[in-house]
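Take a look at the letters that make up each chain.
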Amino acid sequence: MKMQNAIEAKLNEAFNASILQVENESHKHSVPPNSETHFKVTMVSPAFAGQMKVKRHQAIYQVLSEELEMTGGVHALALHLYSPEEWEATGQVAPTSPNCMGGSKSDA
């Protein structure tokens with residue numbers, strides 16, 4: 001199973017999300033073509049109501065622990081996690097990800 005599909009499946013199962021967008025942003029980084037190492041997750045769930053950002057992130061890390069810990073697995077997650085009310089307040093738009101400013105290991 002592709003990494004993106006695995007992430008989507010696990011997050012769908014763990015959260016009652018009204019919106020879930022998982023974007024593979026690996027192509028914006030210094031990784032081989034067709035990599036699945038850098039992802040942006042935008043999720044809206046009632047489960048996040050009243051939770052601090054750190055608790056939301058910890059919940060995601062727990063659900064995706066296997067993908068984060070495996071060799072060659074997920075290297076980076078940009079998490080944009082909202083309660084339904086917060087999502088409405090944003091104008092229903094997640095921030096765009098910046099372009100990678102880092103180099104590859106071969107640049108060192």
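Since this is a predicted model, take the numbers as computed values, not measurements. (Residues numbered from 1 in each chain as written. Predicted model: local features only at pLDDT ≥ 70, side-chain atom pairs only at ≥ 80, totals over all residues. Heavy atoms only, no water.)

Caption draft 1: The nonpolar core, seen in detail. In this structure, I7, L11, F39, V41, M43, I60 and L77 are the most contacted members of the largest nonpolar core, which totals 15 residues. Every element with two or more residues in this core is listed here: α1 (3-14), β2 (38-44) and β3 (76-82). Not counting the four nearest positions on each side in its chain, I7 is found in contact with V22, F39, L64 and V74. (Core = buried A, V, L, I, M, F, W, Y, C linked by side-chain atoms within 4.5 Å. Buried < 20%, exposed > 50% of the residue type's maximum accessible area, 1.4 Å probe, protein only. Helix = DSSP H or I, 4+ residues; strand = E, 2+ residues; numbered from the N terminus. Contact = heavy atoms within 4.5 Å.)

Caption draft 2: Main features of the environment of W87. Mapped onto the elements of the fold, W87 is located in helix α4 (residues 84-89). Accessibility expressed as a relative area gives 7% for W87, which makes it buried. Between the alpha carbons of W87 and V44 there is a distance of 6.8 Å; along the sequence they are 43 residues apart. Contacts of W87, omitting those with residues within four sequence positions, involve I19, T42, V44, Y82, Q92, V93 and A94.

Caption draft 3: Representation of the packing of aromatic side chains. For the structure shown, the criterion picks out two aromatic pairs. Ring geometry for F15 and F48: centres 5.5 Å apart, planes at 40°, overall tilted. Linking F15 in the loop between α1 and β1 (19-24) with F48 in the loop between β2 and α2 (53-63), this pair joins segments that are 33 residues apart in sequence. The pair formed by F15 and F48 is uniform in burial state, with each residue classed as buried. Residues Y82 and W87 carry aromatic rings whose centres are separated by 5.1 Å and whose planes lie at 55° to one another, so their mutual orientation is tilted. W87 matches Y82 in its accessibility class, with the two residues each being buried. (Phe/Tyr/Trp six-rings, centres within 6.5 Å; stacked < 30°, edge-to-face > 60°.)

Caption draft 4: Structural context of the pattern of salt bridges. Applying the stated rule across the entire model yields three salt bridges. Between E67 and K10 there is a salt bridge, with its nearest N and O atoms 3.0 Å apart. Linking E67 in helix α3 (residues 65-69) with K10 in helix α1, this pair joins segments that are 57 residues apart in sequence. Here E67 falls in the buried class, since its relative accessible area comes to 4%. Judged by relative accessible area, which is 26%, K10 ranks as partly exposed. Between E86 and R56 there is a salt bridge, and its shortest N-O distance comes to 2.7 Å. Taken together, the residues span a long stretch of sequence, with E86 in helix α4 and R56 in helix α2 at a distance of 30 residues. With relative accessibility at 32%, the residue E86 sits in the partly exposed group. Each of K10, E66 and E67 takes part in a single network of salt bridges with overlapping partners. (Salt bridge = Lys/Arg side-chain N within 4 Å of Asp/Glu carboxyl O.)

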